[in-house]
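A look at the structure
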Amino acid sequence: MDILKKPLITEKLSALGEKLNRYGFKVESKSNKIEIKKAIEALYGVNVEAVNTMKVPAKAKSRMTKKGIVSGRKSGYKKAIVTLAKGETIDFYAEI
């Protein structure tokens, strides 16, 4: 089971990364804070001070098309906000 699915790169999380040294990740829904901390420390080689998690609920979506209204559902997921030790950073763009 892969705990970290992908990093979340949004304007809000980029600002948190610059100011408070916090980064966001989309994680496996059954993982806990200890597993998330170990996975990030192993993958990125940084020291994690704190992990905050939250579950983002699923949402109903609909749009108008030529054939009428198409309804669907956007799945929910678990998000982790990770605070790193002072002086450490994660560069998501280094591999591009």
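Up top is the structure.
Figured I'd write up the structure that's included with this text. (Residues numbered from 1 in each chain as written. Predicted model: local features only at pLDDT ≥ 70, side-chain atom pairs only at ≥ 80, totals over all residues. Heavy atoms only, no water.)

Further remarks concern the overall build of the protein. Broken down by element type, the protein carries 2 helices and 6 strands. Ordered by position from N to C terminus, the α and β elements of the protein give β-α-β-α-β-β-β-β. Structurally, the protein occupies a C-alpha span of about 55 × 25 × 25 Å along its principal axes. Within the protein, the proportion of its 96 residues that are buried is 28%. Across the protein, contacts joining residues at least 24 apart in sequence account for 59% of those joining residues at least 6 apart. Accessible surface, the protein: about 7,200 Å² in total, of which carbon and sulfur atoms supply 51%. (Helix = DSSP H or I, 4+ residues; strand = E, 2+ residues; numbered from the N terminus. Buried < 20%, exposed > 50% of the residue type's maximum accessible area, 1.4 Å probe, protein only. Contact = heavy atoms within 4.5 Å. Areas by Shrake-Rupley, 256 points an atom, 1.4 Å probe, with all protein chains shown as cover.)

Ordered in space as E1-E2-E6-E3, the 4 strands form an open sheet in which the pairing is antiparallel. Only two strands of the sheet have a single neighbouring strand rather than two, namely strand E1 (4-8) and strand E3 (48-56). With strand direction ignored, the average angle separating the axes of adjacent strands in the sheet is 30 degrees. Two elements, E1 and strand E2 (residues 22-27), share 4 bridges in a ladder whose sense is antiparallel. Residue pairing across strands places lysine 6 opposite lysine 26, the latter belonging to E2. Sitting on the sheet, helix H1 (residues 11-20) touches E1, E2 and strand E6 (77-84), and the angle it makes with E2 is about 140 degrees. The sheet strands contacting helix H2 (residues 33-44) are E1, E2, E3 and E6, and the helix crosses E3 at an angle near 120 degrees. (Pairing = 2+ DSSP bridges. Axes fitted to C-alpha atoms, helices over the stretch in contact; angles between N-to-C directions.)

Under the counting rule described, the total for this entry stands at 4 aromatic pairs. Taking the centre distance of 5.9 Å and the plane angle of 40 degrees together, the rings of phenylalanine 25 and tyrosine 44 count as tilted. Placement of phenylalanine 25 in strand E2 and of tyrosine 44 in helix H2 is noted, with a sequence separation of 19 residues between them. Looking at phenylalanine 25, the relative accessible area reads 1%, which means it is buried. A ring pair is formed by tyrosine 44 and phenylalanine 92, whose centres lie 6.1 Å apart and whose planes are at 80 degrees; its orientation type is edge-to-face. Of the two residues, tyrosine 44 is situated in helix H2 and phenylalanine 92 in the segment after E6; the sequence distance between them amounts to 48 residues. Judged by its relative accessible area of 18%, phenylalanine 92 is buried. Three or more aromatic residues joined by ring pairs make a cluster, and in this case those are Tyr23, Phe25, Tyr44 and Phe92. (Phe/Tyr/Trp six-rings, centres within 6.5 Å; stacked < 30°, edge-to-face > 60°.)

With that settled, the discussion passes to the environment of lysine 33. By the element assignment, lysine 33 lies in helix H2. Separated by 49 residues in sequence, lysine 33 and valine 82 have C-alpha atoms that sit 9.6 Å apart. In this structure lysine 33 touches Val51, Asn52 and Thr53, once residues within four positions along its chain are discounted.

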